[in-house]
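Observations on the model geometry
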Amino acid sequence: LSGSVALHRNLLSISSGGRGAMATSFVAPVNLSQVGAPSLARSRPLEVKPTAQLSGASGAWSSHAWCASLMFGAVATLHATRGSNSARAGRRSRLPRFVATLDKPGIIEREDIRNIAIIAHVDHGKTTLTNALMKQCGLEKVKSMDSDQLEQERGITILAKNAAVSYKGIKINIVDTPGHADFGAEVERILNMADACLLLVDAAEGPMPQTKFVLRQALKLKKKIIVCINKVDKPASRVDWVLDTTFDLFGCLGADDEACDFPVVYASGFQGVASNEGPDSLEKDLTPLLDTILEETPCPKIDNSAPLQMLVSNLDYDDYVGRICIGRLISGDLKVGQEVGIKYGEDGELRKGNVTKLWQFNNNDRVPTDVIKAGDICCFSGIGEVKIGDTVVDLETPMALPPIEVEEPTVAMEFTINKSPFGLSTLAFPVDFLEESTKVTAPQVKARLEKECLTNLAIRMDGGSTSESFKVKGRGTLQLGILMENMRREGFEFMVSAPEVLLRENPDTGKQEEPYEEVVIDVPNDFQGVIMEEMQRKQGVLQSMEAGAVENSTVLTFEIPTRCTIGLPGKFAQRTSGSAVMSSQFSHWGPFDGSEVKIREKGSIATTATGKATYYSLLNFQLKGRFFVEHAEEVYAGQVIGMHNRETDLTVNITKEKAVSNVRAACAQVTENLNGKIQMSIDDWLGFMDTDEVLEVTPLECRLAKKTAMKMK
């Protein structure tokens, strides 16, 4: 298989003009009888001549002679790469490495620093590998890069983070990026700080939707790509297939010959081992990966004649020092106490500020320092009014860099104050379960949303339908759900409407368009029909079907409107007993047909009275559906307390008690068990709620209610 990959690359080089170095193995016009054994192709490269010389050398070539030469080159290439991945790695190492000549005087390369970003699909091992790199480079007690509480609970990376290790006297700045498509804006802005990208691909799953997204962004920015096939210790790993599909992905994204000739490292971040040869030749540590990073990552280029320039790529906040700016220093020096300027784009207003504290990264900690030289990644405090995309410039020669641009949001929700009868702002007396609510007013909610917009470029905020509501836009329901969960834990109390997909007008045709998603589902063969049925109901179009990494599993790829994906993960988990794994990413804007899609097939059960849910009523109505409340739980009129078995909504009085009388009932000795309530998280509520409902979010619990009960439109 490795030989077929090499042959594929050689054919790609010829079709694009012969720029690739590996094209030298068979494009030269040589006499076939003068060429010896195939080992000659491995010992020295054949001569390459321009196309004009080819046509004129020894007369015009016939099509048969050209085909014969092409076939011989293919055979030589297969012999050169046959056997194992070691031959392929050795051939790469023998390729001449050219150092670009810098025509502009004053530009130097910093040999003591490398800047690299780790990019991958969700759960492909970015954070685990970063922790292993820090452990190998001398950190005795490694603190996980996923330090946020939500990240630890969910097991995913939500925010991009910086770290740095020292290896062979060279500082390697590492940027850990999120893997979920909803947090793609983190990847887009963080790549500006790196000179190369380490693309992690799971040895069993192969390239996934987010892999395609992050690779497209890296190729767009002309970053050097190092491919690391991670988790090779998995029993279901299929390294050769993953390498082949990864190369095909490079070709599909329009990568040039140099990018397609990517270096490959095989690793297991969990065990902390790696190899350049193959999964069967793993060394005792990650030295091969670190050596590849030093060898392949370009050194930062510094212009000594350029003024101070630093693009703010990330923001943090500290209660003692205030706002912290994080970015890569492009040129100039940054010192403690230095007066600098802040400018957004070339036409932006120049603002002044002083650097009060300055840090550099060491492992995943910040170490105070007095000065930072160009080419390094650092963070500083002292400037209050700053946002992502601003440029730190010299006051005398303020030359701002282009601002960071990210893709537009696709989903919106309306945030407003809590108007329910149990809301803290509407109660005239204190209630025990509302003691945790500390921020309930519209100005407090607005200030928190504005703060989120400053640190997250994918989040946008506009005015809502009333003066106390705000329309928040994001990449997906997961991203907005994370925002809601963070606000809830900070003591906020608010209400949100159901997610709605944003439409746009095509600038050429003037017609409305909606976002489409590429959805990949890994499902056991027993539930394949369930997935196909559900996706057909949701207007999904099957794009491909292939065998999964696990035995008796299938990977299905669909193209589907974004509005039809709301609530799908929860529905798939319910219908497949949690065995289906769904991932998606934004694909393109397509025509909007105006059709309505049901978010759920079942109606809701709402209560008509305020009080405590009684055992008697829950027992009587449990045949009508499943409930979100339990015995003795407080409810209010208009609250959605359950899921109906039918498509229509149902209203009941869940607070009704059994009438007391002196007559003994005939069935008094019959006992029945009450089913437990359904536990719902914020993500579950967002996938379940319909357009005529609102979600009440409080620090302790969430409740769903009808808009009519809240007197909302």
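Structure first, text after, so check above.
Described in the following lines is the structure provided in the data block.

Conventions used here
Residues numbered from 1 in each chain as written. Predicted model: local features only at pLDDT ≥ 70, side-chain atom pairs only at ≥ 80, totals over all residues. Heavy atoms only, no water. Helix = DSSP H or I, 4+ residues; strand = E, 2+ residues; numbered from the N terminus. Buried < 20%, exposed > 50% of the residue type's maximum accessible area, 1.4 Å probe, protein only. Contact = heavy atoms within 4.5 Å. Areas by Shrake-Rupley, 256 points an atom, 1.4 Å probe, with all protein chains shown as cover. Pairing = 2+ DSSP bridges. Axes fitted to C-alpha atoms, helices over the stretch in contact; angles between N-to-C directions. Core = buried A, V, L, I, M, F, W, Y, C linked by side-chain atoms within 4.5 Å. Expected span 1.5 Å × (residues − 1). Arc of directions from axis to C-beta. Lys, Arg positive; Asp, Glu negative; His and termini not counted. Salt bridge = Lys/Arg side-chain N within 4 Å of Asp/Glu carboxyl O. Polar contact = N/O pair within 3.5 Å; in protein donor to acceptor, adjacent residues only side chain to side chain. Parallel < 35°, antiparallel > 145°, perpendicular 65-115°, else oblique. Left-handed = near helix turned anticlockwise from the far one by under 90°. Nonpolar A, V, L, I, M, F, W, Y, C, P; charged D, E, K, R; others polar.

**As for the overall build of the protein chain**
Secondary structure summary: the protein chain contains 19 helices and 37 strands in total. A buried classification covers 50% of the 713 residues belonging to the protein chain. For the protein chain, long-range pairs separated by at least 24 residues make up 71% of all intrachain contacts whose partners lie at least 6 apart in sequence. As presented, the protein chain carries roughly 33500 Å² of accessible surface, and 51% of it is formed by carbon and sulfur atoms.

**Considering the sheet that holds strand β11 (residues 322-331)**
The eight strands are arranged β14-β13-β19-β10-β11-β18-β15-β16 in an open sheet whose pairing can be described as antiparallel. The open sheet has two free edges, formed respectively by β14 (351-354) and β16 (365-368), since each of these has just one partner strand. Each adjacent strand pair in this sheet contributes to an overall mean axis angle of 40°, direction not counted. One ladder, built from five bridges, connects β11 with strand β18 (residues 377-381); its direction is antiparallel. Opposite Ile324, over in β18, you have Ser381 as the bridge partner.

**Notes on the nonpolar core**
Among the nonpolar cores identified, the biggest contains 41 residues, and Ile119, Leu199, Ile225, Ile229 and Phe250 are the most heavily contacted of them. The element contributing the most residues to this core is helix α10 (residues 239-252), with six residues. Beyond its immediate sequence surroundings of up to four residues, Ile119 is in contact with Lys126, Thr177, Val187, Leu191, Cys197, Leu198, Leu199, Leu200, Val214 and Ala218. Residues Ala442, Val640, Ile678 and Cys702 belong to the second largest nonpolar core, which totals 31 residues.

**Focus: α10**
Here α10 spans 20 Å end to end across 14 residues, near enough to the 20 Å set by a 1.5 Å rise per residue. Of the positions making up α10, those classed as buried are Val239, Val242, Leu243, Thr246, Phe247, Leu249 and Phe250. Down the axis, α10 shows its buried residues gathered within 155° of arc, on one side only. Looking one or two places after α10, you find Gly254, whose phi comes out positive at around 75°.

**Quick look at the side chain of Lys707**
By the secondary structure assignment, Lys707 is in helix α19 (residues 707-710). For the buried Lys707, no salt bridge is present, and the opposite-charge side chain at shortest range is Glu500, 7.1 Å distant. Reaching out from Lys707, the side chain makes a polar contact with the backbone oxygen of Thr691 at a distance of 3.3 Å.

**Some thoughts on the pattern of salt bridges**
Scanning all chains against the criterion turns up 36 salt bridges. Measuring nitrogen to oxygen at the nearest pair gives 2.8 Å for the salt bridge that ties Arg328 to Asp195. Separated by 133 residues along the polypeptide, Arg328 in strand β11 and Asp195 in the loop between α8 (184-190) and β5 (196-202) bring together distant segments of the chain. Of the two residues, Arg328 and Asp195, neither departs from the other in class, the shared state being buried. The shortest N-O distance in the salt bridge between Lys212 and Glu518 comes to 3.4 Å. Taken as a pair, Lys212 in helix α9 (residues 209-220) and Glu518 in strand β26 (residues 512-524) lie far apart in primary sequence, 306 residues in all. If you follow the salt bridges from partner to partner, you end up with Glu533, Glu534, Arg537, Lys571, Arg575 and Glu601 in one network.

**So, the packing of helix α15 (residues 528-537) against helix α16 (residues 568-575)**
Relative to each other, α15 and α16 sit at 150°, their axes nearing to 11 Å. When the axes of α15 and α16 are compared, the pair comes out roughly antiparallel. The interaxial crossing formed by α15 with α16 has right-handed handedness. Along the contact surface, α15 presents Val530, Ile531, Glu533, Glu534, Met535 and Arg537, while α16 presents Leu568, Lys571, Phe572 and Arg575. Looking at side-chain class alone, the contact of α15 with α16 contains five nonpolar, no polar and five charged residues.

**Brief notes about α16**
Those residues of α16 not exposed but buried are Leu568, Lys571 and Phe572. Down the axis of α16, the sector holding all buried residues measures 100°, keeping them to one side. Those residues of α16 that are buried are in contact with β26, α15, β28 (553-561) and β29 (581-591). In the segment just after α16, Ser577 is the residue with positive phi, at about 60°.

**Remarks on unusual backbone geometry**
Non-glycine residue Lys231 carries a positive phi angle of around 60°. Tracing the backbone through its elements, the reader meets Lys231 in the loop between β6 (224-230) and α10. For Ser577, which is not glycine, the phi torsion reads 60° and is therefore positive. Among the residues examined, Ser577 registers a relative accessible area of 65% and is labelled exposed.

**Regarding the environment of Lys343**
In this fold, Lys343 is placed in strand β13 (residues 339-343). What makes Lys343 buried here is its relative accessible area of 12%. A distance of 3.2 Å separates a polar side-chain atom of Lys343 from the backbone oxygen of Glu346.

**Re the sheet that holds strand β4 (residues 170-176)**
The strand order across the open sheet formed by seven strands is β3-β4-β2-β5-β6-β7-β8, and the pairing between neighbours is mixed. Two strands lie at the open edges of the sheet, namely β3 (161-167) and β8 (273-275), each paired on one side alone. Across the sheet, the axes of successive neighbouring strands diverge by a mean angle of 30°, strand direction being ignored. Here β3 pairs with β4 via seven bridges, running antiparallel. The partner of Ala163 across the bridge, within β4, is Ile174. Each of β2 (113-120), β3, β4, β5 and β6 touches helix α6 (residues 126-136); the most contacted strand, β4, lies at about 160° to it.

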